[in-house]
Amino acid sequence: MNMETQSEEKPYSCQVCDAAFSKDSSLKRHIRTHTGEKPYACQVCGSAFSDSSYLKYHMRLHTQEKPYTCQVCGSAFSQNCDLKNHMRTHTGEKPYLCKVCGSAFSQNNHLKSHIRTHTGEKPYSCEICAMSFAHKSHLQNHIRTHTGEKPFSCKICGFSFADNSYLTSHMQTHTGEKPYSCKICIKSFSQNSHLKSHMRIHTGERPYSCEICGSSFSRSSSVTKHMRIHTGEKPFSCQVCGSTFAENWKLTKHMCKHTDIIA
């Protein structure tokens, strides 16, 4: 018996790009990538697809069917590829490597996002102000600065936030949690950005510079305050006499003069 397999034989060729296939049905599916034809339509929302399998996966969004279950933690998924990606959270496998810096990722889309830190590519643009972003999630967060939408609410005090990370940081004001610790002096902070600012006390780093006089500062807020020396801006106003100040603490000190009037 001839044990040679026929799996490598690909007699069906695309006349557009020369791609070859072992089955006529595979060629027909491929042709749709050139023609844009999408003959399989969702009866619920009208979305159309080039392949019946894509429609099948899409329908699970409506039916909430999740036939693929993780045997480790019980999480369920609508597609087998999603389950495979999830399994790497248990195994720690990171098969997608960055050829530039060697960083490894568990999912290909995470690698693609990372690559943009090297290329500087920002494919997601705001239609309102034309700002562009490397990640779709960053664009979504940015859009809320225009719409004012704040979908992330604190269940304790009701404060709302445009970004889930802001809510996470805010929650630490209730819990008192300070997970970010300085390895030099053991001080701890509720936010990583606060730790980074604190570390400059030890390193002496001053990355924020005044473009007018060259003075440098460890915090961006310090540059903002310093710039008022040059601009003369005094945004803090006394509601009693109208005096204005460049810094809030100066207004607070000034208000002591009005204590008798306010009382």
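Please refer to the structure higher up on the page.
Note that the structure is predicted; figures quoted are calculated from it, not measured.

Mapped onto the fold, Thr-244 is located in strand S18 (residues 244–245). Residue class for Thr-244 comes out partly exposed when judged on its relative accessible area of 35%. Separated by ten residues in the primary sequence, Thr-244 and Lys-234 place their C-alpha atoms 5.5 Å from one another. What Thr-244 contacts, discounting residues up to four positions off in sequence, is Lys-234, Phe-236 and Ser-237.

For the rest of this paragraph, the subject is the environment of Asn-80. With respect to the helices and strands, Asn-80 occurs in helix H3 (residues 80–91). It is 8.4 Å that separates the C-alpha atoms of Asn-80 and Pro-67, two residues lying 13 residues apart in sequence.

For the rest of this paragraph, the subject is unusual backbone geometry. With a phi close to 70°, Ala-130 is a non-glycine residue in the positive phi region. For Ala-130, the position within the fold is in the loop between strand S9 (124–125) and strand S10 (132–133). For Ile-186, which is not glycine, the phi torsion reads 70° and is therefore positive. Structurally, Ile-186 can be placed in the loop between strand S13 (180–181) and strand S14 (188–189).

Right, let's talk about the pattern of salt bridges for a bit. For the structure on display, the rule yields eight salt bridges. Lys-28 is paired through a salt bridge with Asp-24; the nearest N and O atoms lie 3.4 Å apart. On the criterion of helical spacing, the pair formed by Lys-28 and Asp-24 is a turn pair, its members being four residues apart in helix H1 (residues 24–35). Overall, Asp-24 belongs to the partly exposed group, its relative accessible area being 32%. A salt bridge links Asp-51 to Arg-29, with the nearest nitrogen and oxygen atoms 3.1 Å apart.

Our focus in this paragraph is helix H6 (residues 164–175). The end-to-end C-alpha separation of H6 is 17 Å, in line with the 16 Å expected for twelve residues at 1.5 Å each. By the burial criterion, the buried members of H6 are Leu-167, Ser-169, His-170 and Gln-172. Buried residues in H6 make contact with strand S11 (152–153) and strand S12 (160–161). Put simply, Asp-163 is the residue that caps the front of H6, since its side-chain oxygen is 2.8 Å from the backbone nitrogen of Ser-165.

Now for the side chain of His-258. Along the chain, His-258 turns up in the loop between helix H9 (248–255) and helix H10 (259–262). A polar contact of 3.0 Å, which involves the side chain of His-258, links it to the side chain of His-254.

What counts as what
Residues numbered from 1 in each chain as written. Predicted model: local features only at pLDDT ≥ 70, side-chain atom pairs only at ≥ 80, totals over all residues. Heavy atoms only, no water. Helix = DSSP H or I, 4+ residues; strand = E, 2+ residues; numbered from the N terminus. Buried < 20%, exposed > 50% of the residue type's maximum accessible area, 1.4 Å probe, protein only. Contact = heavy atoms within 4.5 Å. Salt bridge = Lys/Arg side-chain N within 4 Å of Asp/Glu carboxyl O. Expected span 1.5 Å × (residues − 1). Polar contact = N/O pair within 3.5 Å; in protein donor to acceptor, adjacent residues only side chain to side chain.

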